[in-house]
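What follows is the residue order along each chain.
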Amino acid sequence: MTAGQPPRRVYFEDVQTGVPLETPAMTLTETHAALFASLASTRVAEPGTVPDLLPLCVSSGLGWRVPQPPLAVLAFMGFEWRFLKPTRVGDTIHSVSKTVTKRSMKEGGVV
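Residues numbered from 1 in each chain as written. Predicted model: local features only at pLDDT ≥ 70, side-chain atom pairs only at ≥ 80, totals over all residues. Heavy atoms only, no water.

Draft legend 1. View of the overall build of the chain. Within the chain one finds two helices and six strands. The order of α-helices and β-strands along the chain, N terminus first, is β-β-α-α-β-β-β-β. Scaling as 2.2 N^0.38, a compact globule of 111 residues should have a C-alpha radius of gyration of about 13 Å, whereas the chain reaches 17 Å, well beyond that. Summarising its shape, the C-alpha atoms of the chain cover approximately 50 × 35 × 25 Å along the three principal directions. Relative to its full complement of 111 residues, the chain shows a buried share of 21%. Partitioning the intrachain contacts of the chain with sequence separation of at least 6 by distance along the chain shows that 76% fall at a separation of at least 24. Accessible surface computed for the chain: about 8,800 Å², of which carbon and sulfur atoms make up 57%. Across the chain, the 11 positively charged side chains and the 9 negatively charged ones have centroids separated by 4 Å. (Helix = DSSP H or I, 4+ residues; strand = E, 2+ residues; numbered from the N terminus. Rg over C-alpha atoms; globule rule 2.2 N^0.38 Å. Buried < 20%, exposed > 50% of the residue type's maximum accessible area, 1.4 Å probe, protein only. Contact = heavy atoms within 4.5 Å. Areas by Shrake-Rupley, 256 points an atom, 1.4 Å probe, with all protein chains shown as cover. Lys, Arg positive; Asp, Glu negative; His and termini not counted. Charge placed at Lys NZ, Arg CZ, Asp CG, Glu CD.)

Below you can see the structure in the form of structure tokens.
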């Protein structure tokens, strides 16, 4: 990208179904847990644990670090998340996503 050019975006017609997209990994620390708890006004249940929503927030943020440009989105309709195990301090997390289906609409579509 050169100066003055807008960043590239991925549009509906560019999205491929069934292709996994994996984020980089990140190791959760006591500091992540403490900062998230104070920001979200929650408390850490016991030492060594992380707030329940922290892995969701971190994995969502890691989605911005994949090698493909971001998807041009007008609205989020929903996500389906599946966590394989409980998360604790010291765990390294990442996420893998894939588009299951997409449906054309008047000016774009639903992914």
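Next comes the rest of the description.
Draft legend 2. Just helix 1 (residues 30-39), in detail. Of all the residues in helix 1, the buried ones are A33, F36 and A37. Buried positions in helix 1, seen along its axis, are confined to an arc of 100° and lie on one side of it. Opposite the buried face of helix 1, at more than 90 degrees from it, the exposed residues are L35, S38 and L39. Those residues of helix 1 that are buried are in contact with helix 2 (54-62). (Arc of directions from axis to C-beta.)

Draft legend 3. Focus on the side chain of T49. As for its placement among the helices and strands, T49 is situated in the loop between helix 1 and helix 2. Judged by relative accessible area, T49 falls into the buried class, the value being 11%. Apart from the residues lying within four places of it in its own chain, the contact partners of T49 are A33, V44, R88 and V89.

Draft legend 4. Highlighting the nonpolar core. Within the largest apolar cluster, eight residues are counted, these being L28, A33, F36, V50, L54, V58, L62 and I93. Elements supplying a minimum of two residues to this core: helix 1 and helix 2. Counting residues per element, this core draws most heavily on helix 2, at three residues. Excluding anything up to four places from it in sequence, A33 contacts V44, T49, V50, P51 and L54. (Core = buried A, V, L, I, M, F, W, Y, C linked by side-chain atoms within 4.5 Å.)

Draft legend 5. Main features of a nonpolar patch on the surface. Judged by side-chain polarity, L71, V73, F76, F79, W81, F83 and V111 come together as a nonpolar surface patch covering roughly 720 Å² of accessible area. Within the fold, F79 resides in the loop between helix 2 and strand 3 (92-93). (Patch = residues over 30% accessible without salt bridge, like charges linked within 9 Å, V, L, I, M, F, W, Y side chains within 5 Å. Salt bridge = Lys/Arg side-chain N within 4 Å of Asp/Glu carboxyl O.)

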